[in-house]
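Okay, here's what each chain looks like letter by letter:
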Amino acid sequence: MWGMVRRELARSSGGEYVLVHQQEQHGVRQNSANGNQHRGFSMSSDDDMIDITTTGTVTERSIHYDDPGTSHLPGVTYCMGDGEGESLCYQRTSILQHVAADGDEIPGIGQYEDFHTIDWQRDIARDRMRHRYIVKRRQNSLFDLVKGAHDAWSGWVCVLLVGLTTGVVAGVIDIGASWMSDLKYGICPSRFWFNREQCCWSSNETTSFETGNCSDWLTWSEVLGQSRTGAGAYIISYLMYIAWALLFASLAASLVRMFAPYACGSGIPEIKTILSGFIIRGYLGKWTLIIKSVGIMLSVSAGLSLGKEGPMVHIACCIGNILSYLFPKYGRNEAKKREILSAAAAAGVSVAFGAPIGGVLFSLEEVSYYFPLKTLWRSFFCALVAAFVLHSINPFGNEHSVLFFVEYNNPWIFFELVPFVGLGIIGGVIAAIFIRANLYWCKYRKTSKLGQYPVTEVLIVTAVTAVLAYPNPYTRMSTSELIYLLFRKCGVTNTDDLCDYNRNFTDVKSAVDLASAGPKVYRAMWLLVLALIFKLLATVFTFGIKVPCGLFIPSLCLGAIVGRIVGIGMEQLAFNYPHIWVFSGECSTMKDCITPGLYAMVGAAAVLGGVTRMTVSLVVVMFELTGGVRYIVPLMAAAMASKWVGDALGSHGVYDAHINLNGYPFLDSKEEFAHTSLAADVMQPKRNETLSVLTQDSMTVEDVETLMKETEHNGFPVVVSRESQYLVGFVLRRDLNLALAQARRAVEGLRPSSLVLFTSNSPQQPPQPGTPAPLLLKNILDMAPITITDQTPMETVVDMFRKLGLRQTLVTHNGRLLGVITKKDVLRYVKQLDNEDPNSVLFN
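Residues numbered from 1 in each chain as written. Predicted model: local features only at pLDDT ≥ 70, side-chain atom pairs only at ≥ 80, totals over all residues. Heavy atoms only, no water.

Trainee: Would you mind going over the state of the cysteines in detail, with residue names and values included?
Mentor: All told, the structure shown has two disulfides when counted by the stated rule. At a sulfur-sulfur separation of 2.0 Å, the disulfide partner of Cys490 is Cys499. In this structure the cystine formed by Cys490 and Cys499 twists about its S-S bond by roughly -80°; its chirality is therefore left-handed. Each member of the pair, Cys490 together with Cys499, is buried. The structure places no disulfide on Cys264, whose sulfur is separated from the nearest cysteine sulfur, that of Cys549, by 7.5 Å. We classify Cys264 as buried; its relative accessible area is 16%. Cysteine Cys318 is unpaired, with the sulfur of Cys317 as its nearest cysteine sulfur at 7.4 Å. Looking at Cys318, the relative accessible area reads 1%, which means it is buried. (Disulfide = S-S within 2.5 Å. Buried < 20%, exposed > 50% of the residue type's maximum accessible area, 1.4 Å probe, protein only.)

Listed below in structure tokens is the structure:
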């Protein structure tokens, strides 16, 4: 009978049992640890360690196996008796994360520590094993069928929830920021929760961007008993503007410092790094979401030179991260979670600009590292849902998702491609100046005492910004309002100085015809030049302070100012010289052939493209903003010219530059590696140095613990023996720690002298009474690590790290292990070749 049992056990493999103790009786045994009863069996003296992979119940006659993938609880003892008074008892010590529907056997196996990179191949393989197991069980019962269906649609449900939540949060932020921004100017006494525009709607009065007042809206000078105009009213309004700005900025900085330090900045550099496989615990947490949402409203309302559109990507990714934990398929697998985060990034841009297609392309072009076709579809769906929800909320009251939506109808002249390309060149130059100046200031902040007083810096920047911004009407208004003012066309109802043209308003049909600019237009142009200089300098010092701050809106504003100035110049050139050959066709009839607002839009795209190095997604975003298909060519020309100039003057966009500044481990797939070096030049340790390894069957628990204490490596190669150095596999330090900790709790008889085995082969000699129980850890071993030879070109190695998302690769020579190349080694080597500090990489 026992021979049959032994043969059945011999066929199995994978699950591990170790010798716990010998018992002098046979039959039914009681485990003192857990009270479970087990039927006794005998085994002959030449039987060695039993290795069972499938679960089952052992009886006197046969072994009944259940479905694969389920596992015994740790600590259950199995006794085998020979029928003559002696038995050997074995206890389960398997610590493999069996791919079961209920998750990992040991909590934490397969997860990662903070500031570590993930192993894409390993996580994707884990998900495929889990999926195969679920598909296999579908036929077993109706419950398993429903479970399989839920697993199939969980990704779509997750991105649906992300889109819905992102749209709602974006609507709240837009409404809150608009209301608080207007608090700097006055209040609506009858309905204090109304902003200035809504207050004037209720009285059926119109308001302009410059005055912004109606009878129902009271300025702070009127609230304090003064008149609306005059020197006293101006001083009161000036002081109240500064006071509100300081209040909002101090609240934003204090909330960030006390509750969520990760809520500061744009967040896009960190999002790019996280999506490339880096772990930053807490960066996408619930506190970061709350404080970033509240803080961005306060920061924008303070009048700082920043925008809320960039941080919306961070906020959407926080929502995606939080909601992914509702679905274990994504919450427990870092590689799968990044598919949800890519879709969330698309939704963030979708609600920021009302551009769902541009959001998808932004996620694909700018932030995502791994973007399979399924993620493209889900990102599109997520962006669509988010845009629909925001459109339903209608935060701006104009049936559009952004404040500066405009529509143009006039076609552009072929000759205008020259000024459009010129705007692209100017945008690239402005972007390069801004990036260099901002990086210099951020480096100074990190290395000086200024970085120790973040709240003080915020208050100083806010005070200087408010004092200098108020006198100029174009810097006093919010940046989004200024962009809309620069984008829009001049009509009969426009009263701004930019529309002071000498037109014949007696005839409505000729009201928009080409005309000479009045004196107010030239005054407005000088104010815009001053606003350009001020905005550029203010943004340099603002981007990077410890409040939520985006860069999209300030960049668009800088470009829109330049574009509007160039557009007015082209318009007046066409008016004064209508018969020269470039204008002889469209402008000879004095029709309105030049649209200055179009130049503002093209200039905005040029500067934003130069700052971020976006191309395709930028053009689509700007196209969705205006709704005009006919302006794609000017936008493309300006975007490409801006990128070429920006790349010529500086190799990185602002986000990549801040990734390098902060030392994040990011391998940019757009950069080329042209150095002729080999893997042997980069691997650690160097030749003739000792490599820290584990052997498959000759190390004790004490040896393993000593090795981990003496080294800080995040993983260890496993070899056959120190003499042969033939590779067996690779084990992660975290998994090894968790396995040892679990074994100490669950395994009786585990001693420091117990052997640690990374092999399914049994010991040559049968276990003797009193011998320490061996610990089988084969199941935490990666049996198929990525390996290369020492003669592999580093160009190939870098491509493998980029495209496969490797965490490390092992270097061999004729099958023998020589060393390891980690992602940090590659990053350090690249920085060293670029004459940068290789120790600046922030990486454990």
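Okay, back to it.
Trainee: Describe the packing of helix α18 (residues 519–542) against helix α19 (residues 552–576), listing the residues and the values that go with them.
Mentor: The interhelical angle for the contact between α18 and α19, taken along N-to-C directions, is 155°, at an axis separation of 10 Å. Taken together, α18 and α19 sit at an angle that is classed as roughly antiparallel. Between α18 and α19 lies a crossing of left-handed hand. Counted together, Val521, Tyr522, Met525, Leu528, Val529, Ala531, Leu532, Lys535, Leu536 and Thr539 of α18 and Pro554, Cys557, Leu558, Ile561, Val562, Ile565, Ile568 and Gln572 of α19 form the full contact between these two elements. Of the residues in the contact of α18 with α19, the class split is 15 nonpolar, two polar and one charged. (Axes fitted to C-alpha atoms, helices over the stretch in contact; angles between N-to-C directions. Helix = DSSP H or I, 4+ residues; strand = E, 2+ residues; numbered from the N terminus. Parallel < 35°, antiparallel > 145°, perpendicular 65-115°, else oblique. Left-handed = near helix turned anticlockwise from the far one by under 90°. Contact = heavy atoms within 4.5 Å. Nonpolar A, V, L, I, M, F, W, Y, C, P; charged D, E, K, R; others polar.)

Trainee: Explain the sheet that holds strand β12 (residues 715–719) to me, using residue names and the numbers behind them.
Mentor: Strands sit in the order β10-β12-β13 across an open sheet of three strands; the sheet is mixed. Among the strands making up the open sheet, the edge pair consists of β10 (694–695) and β13 (727–732). Taken together, the two bridges between β10 and β12 define a ladder with parallel strand orientation. Considered in β12, the bridge of Leu694 is made with Val718. Its contacts with the sheet place helix α26 (residues 733–746) against β10, β12 and β13, and it is angled at close to 75° to β13. (Pairing = 2+ DSSP bridges.)

Trainee: Explain helix α13 (residues 373–393) to me, and be specific about the residues and the numbers.
Mentor: With 21 residues, α13 ought to run about 30 Å at 1.5 Å a step, and its terminal C-alpha atoms sit 31 Å apart, in line with that. Looking at the buried positions of α13, the neighbouring elements they touch are α3 (142–182), α10 (328–331), α11 (334–353) and α12 (356–367). Remark: Asn394 follows α13 within two positions and exhibits a positive phi of approximately 55°. (Expected span 1.5 Å × (residues − 1).)

Trainee: Before we move on, can you summarise the packing of aromatic side chains with the specific residues and values?
Mentor: The final tally for this structure, using the stated rule, is 20 aromatic pairs. On the basis of an interplanar angle of 55° and a centroid distance of 5.3 Å, the ring pair of Trp120 and Tyr370 is categorised as tilted. Highlighted residues: Trp120 in helix α2 (residues 120–137) and Tyr370 in the loop between α12 and α13, separated in sequence by 250 residues. Given the relative accessible area of 31%, Tyr370 is considered partly exposed. Grouped by ring-pair contacts, the aromatic residues Tyr185, Tyr234, Tyr238, Tyr241 and Tyr470 constitute a single cluster. Lying over the aromatic face of Tyr470, Arg476 brings its terminal NZ or CZ to 4.2 Å of the ring centre. The aromatic ring of Tyr369 is capped on one face by Lys823, whose charged end is 5.9 Å from the ring centroid. (Phe/Tyr/Trp six-rings, centres within 6.5 Å; stacked < 30°, edge-to-face > 60°. Lys NZ or Arg CZ within 6 Å of the ring centre and 35° of its normal.)

Trainee: Give a description of the packing of α3 against helix α8 (residues 286–301) that names residues and reports values.
Mentor: The geometry of α3 relative to α8 is characterised by a closest axis approach of 8 Å and an angle of 30° between their N-to-C directions. Taken together, the axes of α3 and α8 lie roughly parallel to each other. By crossing handedness, the relation of α3 to α8 is classed as right-handed. Where α3 abuts α8, its residues Val169, Val172, Ile173, Gly176, Ala177, Met180 and Ser181 lie against Ser293, Ile296, Met297, Leu298, Val300 and Ser301. Of the residues belonging to the contact of α3 with α8, the class tally is nine nonpolar, four polar and no charged.

Trainee: Which residues make up the pairing of strand β18 (residues 816–822), and what are the values?
Mentor: Two strands pair when backbone bridges link them, and strand β17 (residues 808–813) and β18 are joined in this way by six bridges, in the antiparallel orientation. The residue of β18 that forms the bridge with Gln808 is Thr822. Here β17 folds back onto β18 in antiparallel fashion, the turn holding two residues, of which Asn814 has a positive phi close to 55°.

Trainee: I'd like a rundown of the nonpolar core, residues and numbers included.
Mentor: Residues Phe353, Phe434, Tyr474, Phe487, Leu556 and Met622 are the most contacted members of the largest nonpolar core, which totals 142 residues. Residues lining this core come from more than one domain, with at least three contributed by each of domain 1 (159–184 + 259–393) and domain 2 (414–662). Other than its neighbours up to four places away in sequence, Phe434 contacts Leu536, Thr539, Val540, Phe543, Leu551, Val611 and Val654. Counting 23 residues, the second largest nonpolar core, distinct from the first, contains Phe673, Ile788, Val798 and Ile821. (Core = buried A, V, L, I, M, F, W, Y, C linked by side-chain atoms within 4.5 Å. Domains from an automatic or database assignment.)

Trainee: Residue-level account of the side chain of Ser154, with values.
Mentor: Mapped onto the fold, Ser154 is located in helix α3. Not counting chain neighbours up to four residues away, the residues in contact with Ser154 comprise Phe327, Lys329 and Tyr330.

Trainee: How would you explain the environment of Leu667 if you had to name every residue and give the values?
Mentor: Within the secondary structure, Leu667 is located in the loop between α23 (654–662) and α24 (679–682). In the structure, Leu667 is positioned 156 residues away from Lys823 in sequence and 8.6 Å away in space, judged by C-alpha atoms. Sequence-distant contacts of Leu667, defined by excluding residues within four places in its chain, comprise Tyr369, Phe801, Arg802, Lys823, Val826 and Leu827.

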